[in-house]
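Below, each chain spelled out in residue letters.
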Amino acid sequence: MRRPNPFEYRQYLSIILLFFTAMAQAGDTDTDKSDLERGRYLVMATGCNDCHTAGYGVLEGQVPQDQWLKGDVQGWWGPWGTTYGSNLRLFVVGLSEDQWVSAAKTMKRRPPMPWFNLNQMNEDDLRVMYRFIRSLGDPGEPAPAYLPPDQEPPPPYARFVMPPPEPGSE
Ligand code: HEC
C-alpha cells in the first residue's frame with residue numbers, strides 16, 4: 001500500500017475542518033433560536049405583556065407578537081400619579097445587553113410596575129429576554145408621559161382608590 005502524500009493529508013484535514021465549522025455554525029443558529037424562544041416564553045410567563053402591550057389583558061393574550069411590548073395608552077392613576085406601561089422596545093434600543101441586565105437588577109419604578117420581581121430575575125433569563133425584545137423589530141412610539149397625582153388623565157385609565165386615612169393618623 002502506498003503512503004498518502006502530504007498533499008492528500010492536507011485535503012483530508014481541510015474536509016474535516018469544514019465539517020466541524022459547519023457543525024459549529026449549525027450549533028450557533030440553534031442556540032440563537034432557542035434563546036429567542038426562551039426569551040419569548042419568559043416575557044409571556046412573567047407577565048410583561050400584561051401592562052406593556054396594549055389590549056393584552058382584555059383580549060386574553062390574543063395580540064399578535066408584532067404588537068408586543070410597544071407600550072400602552074391605558075393609564076394607571078393612583079396616589080403616585082398616572083403611569084403608563086412603557087414601550088420596552090424603545091427602552092432596550094438605548095441599552096447594550098449588559099446595561100439592560102444592570103438596569104433590570106437595580107431599577108425602581110412607580111406602581112404598578114413590579115420592579116421588585118424584575119430585580120430578582122437571573123442574569124441568564126434577563127439576557128435572553130433582552131435578545132427577544134431586540135428581535136421584535138420596529139419600536140414604534142413612546143407611551144404617554146407620566147402625569148402628577150392631582151392631574152386627571154384622559155381615558156382610558158384605571159383608578160386605584162385608596163382607603164380613607166385611619167382616624168387619628170393625620
Ligand atoms: C402590572 C403592570 C406591569 C407589569 C406586569 C410589568 N410592568 Fe413594567 N412598567 C409598568 C409601568 C406602569 C411602568 C412605568 C412606571 C413609571 O412610570 O414609573 C413600567 C416601567 C417599566 C420599565 C422602565 C421603562 C422606562 O422607560 O424607564 C421597564 C424596563 C419595565 N417596566 C420592564 C418590565 C418587564 C421586563 C416586565 C415583565 C417582567 C414588566 N415590566 C412587567 C407596568 C408593568
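See the structure printed just above.
Residues numbered from 1 in each chain as written. Predicted model: local features only at pLDDT ≥ 70, side-chain atom pairs only at ≥ 80, totals over all residues.

A. Quick look at the overall build of the protein chain. Looking only at helices and strands, the protein chain features six helices and three strands. Each helix (α) and strand (β) of the protein chain, taken in turn from the N terminus, gives the series α-α-β-β-α-α-α-α-β. Burial status across the protein chain gives 22% buried among its 170 residues. Across the protein chain, the fraction of contacts at a sequence separation of at least 24, relative to all contacts at a separation of at least 6, is 64%. (Helix = DSSP H or I, 4+ residues; strand = E, 2+ residues; numbered from the N terminus. Buried ≥ 20, exposed ≤ 12 C-beta atoms within 10 Å, placed from the backbone. Contact = placed C-beta atoms within 7 Å.)

B. Seen up close, the sheet that holds strand β2 (residues 81–84). Spatially, β2-β1-β3 is the arrangement adopted by the three strands of the open sheet, whose pairing is mixed. Among the strands making up the open sheet, the edge pair consists of β2 and β3 (157–159). Taken pair by pair, the neighbouring strands of this sheet meet at an average axis angle of 25°, ignoring direction. Judged from the three bridges that link them, strand β1 (residues 75–78) and β3 form a sheet pairing that is parallel. Along β3, the bridge assignment pairs Trp77 with Arg159. (Pairing = 2+ DSSP bridges. Axes fitted to C-alpha atoms, helices over the stretch in contact; angles between N-to-C directions.)

C. Focus on the nonpolar core. Residues Leu69, Trp100, Leu126, Met129, Tyr130 and Ile133 are the most contacted members of the largest nonpolar core, which totals 16 residues. Of all elements in the fold, only α3 (88–93), α4 (97–106) and α6 (123–135) reach the threshold of two or more residues within this core. A per-element tally of this core places α6 first, with six residues. Non-local contacts of Ile133, meaning those with residues more than four positions away in its chain, are made with Leu69, Leu88, Arg89 and Val92. (Core = buried A, V, L, I, M, F, W, Y, C linked by C-beta atoms within 7 Å.)

D. Broad picture of the pairing of β2. Relative to β2, β1 runs antiparallel, the two being bridged by four bridges. Across the sheet, the residue bridging to Trp76 is Thr83, located in β2. Taking the residues between adjacent antiparallel strands as the criterion, β1 and β2 are bridged by two residues.

E. Representation of α6. Between its first and last C-alpha atoms α6 spans 18 Å; for 13 residues at 1.5 Å apiece the expected length is 18 Å, and the two agree. Buried within α6 we find Leu126, Val128, Met129, Tyr130, Phe132 and Ile133. (Expected span 1.5 Å × (residues − 1).)

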